[in-house]
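Breakdown of the fold
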Amino acid sequence: MTELRGFYTLWFREVKRYLRDRVRIISSFFQPLLWLVIFGAGFRFSGQIGGLNYQEYIFPGIIGQALLFTSMFMGISVIWDKEFGFMKEILVSPVSRVSIFLGKMIGDSTDAVLQGTIVFLLAILLGIKVDPITYLAALPVMLLITFGLVSIGLTIASFMGSLESFGAIQSFINLPLFFLSGALFPLTGPGIPEWLQIASKVNPLTYGVDALRTIILGEAWQPLQALHVNLAIVGVFDVIMIIIGTWAFTRMK
Amino acid sequence: MTKVIETFKLTRTFNGLTAVDKLDISVESGEIFGLLGPNGAGKTTTISMLCTILKPTSGTAKVNGFDIVKEAMQVRRSIGIVFQDPSIDDRLTGRENLFMHANLYGVPAREQKNRIDSVLKLVELEDRADDLMRTYSGGMRRRLELARGLIHYPKVLFLDEPTLGLDPQTRDHVWKYIRELKEAHDITVVLTTHYMDEADRLSDRIAIMDYGKIIALDTPAKLKETLEGDVVIIRANNPNAVLSLVTEKMGLPQAHIVNGNVEVTVKNGKSMLPRIVETATHNNIFVESISLREPNLEDVFLHYTGRTIRADSSRERHGMSAIARRRIR
């Protein structure tokens, strides 16, 4: 019971802090907007991918990108908490490190999914066809994608002492994961170098983006894997990262 | 009286340096126990071990009957901690910080509101409770941390340098709160400080700590009595000459130079004053002024270590650069 309440209060804190940060929420509109409007519209005339116009094709990819960047960025809260001493208050409390990690992780995942939701709202503004049911179906998939990614961010942050070093490491991971996920262009099929295909296959985000496309684009999209296979791969990735993250939090002083 | 804390040869080393050296102390239930010593004496290390933040290198301790190594979770449930450095979430309101703490320590949901209201009242922060803590002053943050440490009704409250960096008026306030908390909640308080007056005013008993060891332990009054007498302060243009005069010619061994003056602890101060002046004049030393005062804890520390606590600022700076180095690494 104490563990559950500890978990809940840490989850609630992450969400509350996110919702209070209006600057972050407003600014979070712009990056996906740039990708969808400038990048998406710019390449729209260069051809179609699998019968879809380019904007439609990258829309699920941009959701994946928002989830990826926000999730990884969330690790920064660990560094803030260390810097401002609040981490000590949490770490000496009689709540297990497992609950502490899960509370923070799922709280950050919730924030990342809210960020993904913003991209959905943008899509409606841009005239991309999405209905509420599609959104509701995408919701648990978005959450599943963020668990593992947030865990990476939290794990790295638990080892880092400063914001600068965290930022440097983060960009090392973010961009390769993004570019190799198929979010912006297909990475399978003829003409794509084999090493690039392999790199994309070991990228967990590839399966997350594919799952999002399957749900959002429906019949129009020819998935790389069946939906349940995609979700299973993402799920396994999540479990591994959660175990590593919990371990990292256990050794944190 | 029952013992709420007991340490058994509690020891902690860092890279071969002994920070806490085979400590054996016990704290009685309901007392305010002061750990007094210069920076780097091992006070915070001791508290960190008792709070299960640091594991002892050897030895152990019991807090509220639980072993700090084997029963860390039970120890954590029994204690409240106010850290030396701030440890609040300044993006949340005061009340939200308190609710979080109540949840982390498993305070029953139906009791949370009442307890939070009452501790807020105790530290007089009711009207600011719903403001974000980033708008609080340093003293207000400290008071909220004190209040926070009490919400889960701890058996022992640890205060690590509770008034470090606060202005004198706020310090007075915080002292008042600590006394009130202790009385209202019937808890044991362990505090560390390097302020003499703080230890003197607050503590029922004081352990003076230096280089990881306890060098004296008693009530403030008894500690001062061990000096047996008064402190004579002599101001002269050649303090070294005065020092050798009183120690060698007059046979008064407890003499030190403090802030350019010679301070001598003697049994009967009033009758000693004229004799010192007389002897000095005989030896062609001009005494500019001479005065008498009651001994304080600073004198006690000086008596046991031959140093003043404040003279250790070089060591403090050394400690800070050590911290800076650790961060860079």
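Residues numbered from 1 in each chain as written. Chains lettered and ligands numbered in written order. Predicted model: local features only at pLDDT ≥ 70, side-chain atom pairs only at ≥ 80, totals over all residues.

Turning to the overall build of chain A, a few remarks are in order. A tally of helices and strands in chain A yields twelve helices and zero strands. Secondary structure elements of chain A, listed N to C terminal, follow the sequence α-α-α-α-α-α-α-α-α-α-α-α. Since a compact globule built from 253 residues should have a radius of gyration of about 18 Å, the 18 Å found for chain A is in line with a globular shape. Over its C-alpha atoms, taken along the principal directions, chain A stretches across nearly 55 × 40 × 35 Å. Here chain A holds 253 residues, and 47% of them are scored as buried. (Helix = DSSP H or I, 4+ residues; strand = E, 2+ residues; numbered from the N terminus. Rg over C-alpha atoms; globule rule 2.2 N^0.38 Å. Buried ≥ 20, exposed ≤ 12 C-beta atoms within 10 Å, placed from the backbone.)

A few words on the overall build of chain B. Helix and strand counts for chain B stand at twelve helices and 15 strands. Taking the principal axes of its C-alpha atoms as reference, chain B extends roughly 80 × 45 × 45 Å. Of all 329 residues assigned to chain B, the portion counted as buried reaches 42%. Partitioning the intrachain contacts of chain B with sequence separation of at least 6 by distance along the chain shows that 70% fall at a separation of at least 24. (Contact = placed C-beta atoms within 7 Å.)

Here we take up the sheet that holds strand β11 (residues 213-218) of chain B. All names here are of chain B. Pairing is mixed in the open sheet, where six strands are placed in the order β7-β8-β9-β4-β10-β11. Because the sheet does not close on itself, it has two edges, and the strands there are β7 (79-82) and β11. Here the average twist between neighbouring strands, direction ignored, is 15 degrees. (Pairing = 2+ DSSP bridges. Axes fitted to C-alpha atoms, helices over the stretch in contact; angles between N-to-C directions.)

Let us look at the environment of Pro132 of chain A. Looking at where Pro132 of chain A falls in the secondary structure, it is placed in helix α8 (residues 132-159). C-beta crowding within 10 Å serves as the criterion here: with 8 such atoms nearby, Pro132 of chain A is assigned to the exposed category.

This part covers the sheet that holds strand β12 (residues 230-236) of chain B. All names here are of chain B. With antiparallel pairing, the four strands of this open sheet are ordered in space as β13-β14-β12-β15. Because the sheet does not close on itself, it has two edges, and the strands there are β13 (255-258) and β15 (287-293). Taken pair by pair, the neighbouring strands of this sheet meet at an average axis angle of 25 degrees, ignoring direction. Set on the sheet, helix α9 (residues 239-249) makes contact with β12, β13 and β14 (261-266); between it and β14 the angle comes to about 15 degrees.

Below, the discussion takes up the confidence of the model for chain B. Residues and elements named next belong to chain B. Scored by pLDDT, chain B comes out at a mean of 86, with 94% of its residues at no less than 70. Predicted confidence is poor over residues 311-329, with pLDDT under 50, and the contacts of this stretch with residues over four places away or in other chains come to eleven contacts. Predicted complex, confidence summary: ipTM 0.86, pTM 0.83. (pLDDT = per-residue confidence, 0-100.)

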